[in-house]
Every structure is written in structure tokens, then in C-alpha cells.
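Inside the fold
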Amino acid sequence: MATRKKPKAKTQAPKKPLKLFYSPIHGFIHKVLVVAHESGLWNQIEFVPIYPLRDGYSVAAINPLHKVPTLALKDGTVLYGSQTIVEYMDSAGKKKLFPKPGPKRWDALRRMALADTVFDVTVNMALEKAEKPMRSNVYTWYWPKVVRALDQMEHDAARLKGFDVGQAATLHALSYLNRQLGKGLMPPVPTKYDWRKGRPKLTAWWNKALERPSVKSHFNQEYQGKDTAAFAQEQIADVLRMQGRKHSSPTELQKVDFHLD
Ligand SMILES: N[C@@H](CCC(=O)N[C@@H](CS)C(=O)NCC(=O)O)C(=O)O
């Protein structure tokens, strides 16, 4: 008698406990990815690419600010603000990048604030290029902050030991600044400005930090996984289900005529 073969059970990859919504920009070192890698949480994360200005990629259903990064935990809790996310990762992971309360911690947090502000003002300067006519005071107000922050980073670089969250943020800020300088910013930012010039300690620190596996994990790597809007919305629907909410159609994004990356 012919025996029927049992159909093979469909093996589905186990669900990962964390979902990280982030924009997989090429040539950018993400602080949240560096911390995810360093803290040992990398394999527990479902990475969900979001292109914040493209149709279909709204994360507003789970984050009213519609900003990336956004992290969803397995119980449906959603965290936003990269500083909140890295602190969560640090508490959940093995290796600690936040020193214990005391001078080392305040110094790491200060360096994170310094770098995150350089990142924020660089985003604003990049956005400003799309303003017609351009409001030149945005650049004249922001650029000196960047230069002074770079000088402070040079000063700090001489004293850095080990690797902490302030350094992860510095990588994030400098890589984004590099990217935008490469595309060209507006006066008074000099054309072909190179922050390495006259800042040997920061340059040496940067070159060494680029060798870290947590940086190599994504820096200058083409994103290989799924990055469609449908995938992003499936993942958002999953978070809403965990929260006991229904997924309606994704919130429409306001139409804008600029491109941010
Ligand atoms: N302060 C925020 C900044 C995040 C941020 O600027 N995200 C940008 C990506 S470059 C974004 O999501 N922009 C979309 C928007 O503002 O609508 C953080 O640290 O998380």
C-alpha cells in the first residue's frame, strides 16, 4: 500500500521580540543600530525600513510624531526619541554603553547631547535647501553651533576611553554631516568643508571607531532585506494588534516637495 507523505509543516521564522522602524540610509551610522549591536540585542530585532517622506511609510499610527527611529516592544509598548530607545536597549542588553550615575555618565550624556544637536541642526540645514527663497539666517545661526561642537569633539577625543553612548552618537552625527557636506550645504558653510582638517584627535578616533563590528554591521552597506511600504504596514498592524487596536489604512502623509535622506 502506498503511504502518503505527510505534508511538511510550514516553518516560520520565530517572531522577534523587538521591531525597529528606522530609515536605512546608505552611508549613515545609526546610533540605535550601533547600540543594538554593541548591547547584544541585534538578533532580537526585526528591522523595518521606513522612508519617512514617501507614500505608504507613515508610522503615525504608532508614533504621533511620525519619526524614525521608533521601537516597538513585544507587549505593544512603543518607544520613540533615539535617546529613549538607546537607553532601553542599554537596560535590556548585556554590554553597557551608559556608565553608572557619576561623572563618566554625565560626560557620556553630554557628548550624546552635543552630537545629537549637530545631527538635528544638520537635518534642518538640509531641509532648508528646499525653501524658496532660502532663509539665510537658518545657516548663519546653525553653522557656528556645528563648528564649535566639532571643536569640542576634538577636545573630548583626547580623553575618550572604551566605547560609550556618547561615542555612538558622535558617529551618528559625523556620518550624517559628512553625507550632507558631500551633497553640498549653503553659505556660510564652506564648499568642500572637511571637519577632519585641524582636528587630528577626532580624525584618529573616527578612523578607529569605523573598525568596530557595530559600525561595519550597516555603514556603507546596501540594505538587503524587505523594505516595501506593504511590509512596513504589516509590521505596524502587528504592533497595533499587540496593543489590542485595529489597523485602519495608514495615515496619509502630507505631500511635500522636498526629499530628506
Ligand atoms: N530627535 C529625534 C530625531 C529623529 C529624526 O530627526 N528623524 C527624522 C529622520 S532623519 C524623521 O523621522 N523625519 C521625518 C519627519 O520629521 O517627518 C531622535 O533623536 O529620535
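Described below are features of the structure shown in this document.

Here is what the cut-offs are and how they apply
- Sequence order as written defines the numbering, with residues in each chain counted from 1.
- In view of the model being predicted, local features appear only for residues whose pLDDT reaches at least 70, and side-chain atom pairs are presented and counted only at 80 or more, with totals across whole chains, interfaces and linings using the full set of residues.
- Computation of side-chain values covers all heavy atoms of the structure but excludes hydrogens and water.
- As used here, the term nonpolar core means buried Ala, Val, Leu, Ile, Met, Phe, Trp, Tyr and Cys residues forming a set that is joined through side-chain atoms within 4.5 Å.
- To sort residues, take the accessible area from a 1.4 Å probe on protein chains only and compare it with the maximum for the residue type: under 20% means buried, over 50% means exposed, and anything in between is partly exposed.
- Strands are runs of DSSP state E lasting at least two residues, helices are runs of H or I lasting at least four, and both sets are numbered from the N terminus onward.
- All domain edges in this entry derive from an automatic or database-based domain assignment.
- Only heavy atoms enter the contact rule, under which two residues are in contact if any of them lie within 4.5 Å.
- Throughout, near means a residue has at least one heavy atom within 4 Å of the molecule or strand.
- In protein, a polar contact requires one atom able to donate a hydrogen and another able to accept it; more generally it is a pair of N or O atoms within 3.5 Å, and residues adjacent in sequence count only if both atoms are side-chain atoms.
- The Shrake-Rupley method, run with a 1.4 Å probe, gives the accessible areas here. Residue values count only the displayed protein chains as cover.
- Gly falls in the polar group here, along with every residue not listed as nonpolar (Ala, Val, Leu, Ile, Met, Phe, Trp, Tyr, Cys, Pro) or charged (Asp, Glu, Lys, Arg).
- Any two strands with at least two DSSP-identified bridges between them are counted as paired.
- Here a crossover is taken to be right-handed if, once the strands point away from the viewer, the path from the first strand over the helix to the second is traced clockwise.

1. With respect to the nonpolar core
In this structure, Leu-20 and Met-89 are the most contacted members of the largest nonpolar core, which totals 57 residues. Counting only elements with at least two residues in this core, the list comes to strand 1 (18-22), helix 1 (31-38), strand 2 (45-49), helix 2 (82-92), helix 3 (103-128), helix 4 (136-157), helix 5 (165-183) and helix 6 (200-209). In terms of residue count, the dominant contributor to this core is helix 5 (nine residues). Of the residues that make up this core, three or more belong to each of domain 1 (18-96 + 220-242) and domain 2 (103-216). Sequence-distant contacts of Met-89, defined by excluding residues within four places in its chain, comprise Leu-20, Val-32, Val-35, Ala-36, Ser-39, Leu-41, Ile-45 and Leu-71. Of all hydrophobic cores here, the second largest spans 14 residues; its members include Ala-72, Phe-231, Ala-232 and Leu-240.

2. Re the site of the ligand
Taken together, Pro-52, His-66, Lys-67, Val-68, Pro-69, Gly-81, Ser-82, Gln-83 and Phe-119 make up all the residues around the ligand. Note that an oxygen atom of the ligand is positioned 2.9 Å from one of the side-chain N or O atoms of Lys-67. Contact between the ligand and Ser-82: an oxygen atom at 2.6 Å from a side-chain N or O atom of the residue. Notes on the ligand: free accessible area 510 Å², of which the protein chains cover 79%. Along the lines of polarity and charge, the residues of the shell around the ligand split into four nonpolar, four polar and one charged.

3. Re the pairing of strand 1
With five of its five residues buried, strand 1 lies for the most part within the structure. Residue alternation in strand 1 divides its side chains into two sets, Leu-18, Leu-20 and Tyr-22 and Lys-19 and Phe-21, and both sets are buried. In this sheet, strand 2 lies alongside strand 1 in parallel orientation, the contact comprising five bridges. The residue of strand 2 that forms the bridge with Lys-19 is Glu-46. For the crossover that starts at strand 1, traverses helix 1 and ends in the parallel strand 2, the hand is right-handed. In this sheet, strand 3 (residues 70-72) lies alongside strand 1 in antiparallel orientation, the contact comprising three bridges. Residue pairing across strands places Lys-19 opposite Ala-72, the latter belonging to strand 3.

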